[in-house]
Amino acid sequence: MIQPGANVLYGNLGHQYVTLVRGEGVYVFDDHGRRYLDAIGGVGVVNIGHGVPEVVEAIADQARRLAFSYGGLMDNEPRQRLARKLQAWAPRGMGQTKTIFTSGGAEANEAALKLAYQYHWERGNRSKYKVIGRWQSYHGNTVATLSMSGRTSWRRMHTPYLLDFPHIQPPYCYRCPFGLSCSECGVACAQELRRVIRQEGPEKIAAFIVEPVIGTSMSAVVPPPEYYPLVREICDEYDVLLICDEVMSGLGRTGANWGIDHWGVTPDIITTAKGISGGYVPLAATILSEKVWQAIAAGSGHVMHSTTYGGNPLACAAGVATLNYIEAHDLVARAGRMGGLLLERLRELQQESPYIGDVRGLGLFAGLELVLDKATRQAPPPEWNLGERIEIRAMEYGLLVLAGVPGLVDGVAGEHLELVPPYTIDEEHIEFIVATLHRSISEIFAEQLGAG
Ligand SMILES: Cc1ncc(COP(=O)(O)O)c(C=O)c1O
């Protein structure tokens, strides 16, 4: 008999994938009726929980009226409403915003890249085309977005296709890339931006792209308070746009509207995806500040970027309903509150466990870094594959946790776990998450070390 998934090209062809059939609140259920607490919100997507009737109704209602209209030719009301809503969510310093909608994070970042270039092009600076990224950042899996990304393991195989975009070191204080300690570093990781802009030539640099809180490649690394203000200053000095990739950190996840809000810095472009529609339909957005779209309006007056599904009414209706739900239930504040509790409990777990070297995060965006020795911060050998083994063990105990992509130590080693649960989790769920993580981490380390 052919297996049910025989014709699916899975990411890991040697892995047996669990089949999910239903979701309800913070839980998902598989085809054997097993329940899992979804502490990764799908993958940082299901921010308001599974099966929210208000969103389901909004989608059904819109589908009955008008499921599709081509955004390049006609407008639709949900697109207008969602763009207006994003104006209300955006940092005030961006002025009047204008948003272009797409269907995923990579598309949103690809649009940001092209619009950043167009901004300079319209102003007569046609050599400013490169975007600086950071090592161990992730902005998507298309050729251009992987070129901006610094996720070494995913870049390696596709290097021949990648664009010649520079990268700087991340603000990773637990293992400072410059070997400095926080109090006396002078934010060397931000200063490196200036050095690379000058080295490449400011006339070639269009933008610097950041995940304000670094996500799946580093599990919730939070830069120090001085970092983004200095980055903003350097960008302004060299006429370089600041693009904030808020695909993971945006729309309330960190306890503020946007991750960057914690630093009080205004970006030129914000990209967002994942949680904008709560996972109910694919949707993404690239939000331009007034400064950026005004340059285009005053120049050619045409945006040289468009996709078939961008801004379709069904997706935008889901986006409006999701943001309405967040507002109506005050979920941004809740994410901050529950995130504080989650981090507190994880820090207590860190005291108990010899294998949790670092606990970090902001709001409901939390990460754990696994070590063999807390004093030396020695990373486990990558071939032990501990993160993925812990992820699988936790699943057996009914918890979904995300093994971060290895490589944060030196591009190869470094195991970490990420938690990005729905904003609707409560104290009891947090106790279950912490207890199950403890059990899974202890067992896998014991099995590995016992195996010698
Ligand atoms: C910060 C960030 N940017 C971009 C992306 C790419 O989004 P998508 O997979 O929807 O293309 C991701 C996906 O994980 C992400 O975490």
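Because the structure is a prediction, the values reported are computed rather than measured.

Cut-offs used in this document
- Residues numbered from 1 in each chain as written.
- Predicted model: local features only at pLDDT ≥ 70, side-chain atom pairs only at ≥ 80, totals over all residues.
- Heavy atoms only, no water.
- Domains from an automatic or database assignment.
- Contact = heavy atoms within 4.5 Å.
- Buried area = accessible area lost by both parts, 1.4 Å probe.
- Salt bridge = Lys/Arg side-chain N within 4 Å of Asp/Glu carboxyl O.
- Polar contact = N/O pair within 3.5 Å; in protein donor to acceptor, adjacent residues only side chain to side chain.
- Helix = DSSP H or I, 4+ residues; strand = E, 2+ residues; numbered from the N terminus.
- Buried < 20%, exposed > 50% of the residue type's maximum accessible area, 1.4 Å probe, protein only.
- Pairing = 2+ DSSP bridges.
- Right-handed = clockwise from strand over helix to strand, strands pointing away.

On to the domain arrangement of the protein, then. Interface size, as often reported, equals the accessible area lost upon joining of the parts. One can read the domain layout of the protein as domain 1 (20–51 + 330–450) and domain 2 (56–328). Contact with domain 1, which involves 43 residues of that partner, is made by 42 residues of domain 2. Of the roughly 3300 Å² buried where domain 1 meets domain 2, counting both sides, 57% is carbon and sulfur surface. It is Ile 48, Leu 362 and Phe 365 in domain 1 that bury the most area against domain 2; as a group they hold 21% of the surface buried on that side. Put simply, domain 1 and domain 2 have one salt bridge between them. Arg 175 is paired through a salt bridge with Glu 369; the nearest N and O atoms lie 2.8 Å apart. At the boundary of domain 1 and domain 2, one finds 26 residue pairs in polar contact (both at pLDDT 80 or more). When contributions to the side of domain 1 that touches domain 2 are tallied by element, the ones reaching two or more residues are helix H1 (41–44), helix H11 (331–352), strand E11 (356–362), strand E12 (365–370) and strand E15 (415–419). Element by element, the count of residues in the side of domain 1 that touches domain 2 is highest for E11, at five residues.

For strand E8 (residues 241–245), the buried fraction is high: five of the five residues fall into the buried class. Residues of E8 alternate between two faces, with Leu 241, Ile 243 and Asp 245 on one and Leu 242 and Cys 244 on the opposite face, all of them buried. In this sheet, E8 lies alongside strand E7 (residues 205–210) in parallel orientation, the contact comprising four bridges. Residue pairing for E8: Phe 208 is matched across the bridge by Leu 242. Of the crossover connections in this fold, the one passing from E7 over helix H8 (residues 227–237) to the parallel E8 is right-handed.

A word on the sheet that holds E11. The strand order across the open sheet formed by four strands is E11-E12-E15-E14, and the pairing between neighbours is antiparallel. Two strands bound the open sheet, and with one partner strand each, they are E11 and strand E14 (402–403). Taken together, the two bridges between E14 and E15 define a ladder with antiparallel strand orientation. If you follow Leu 402 over to E15, its bridge partner there is Glu 418.

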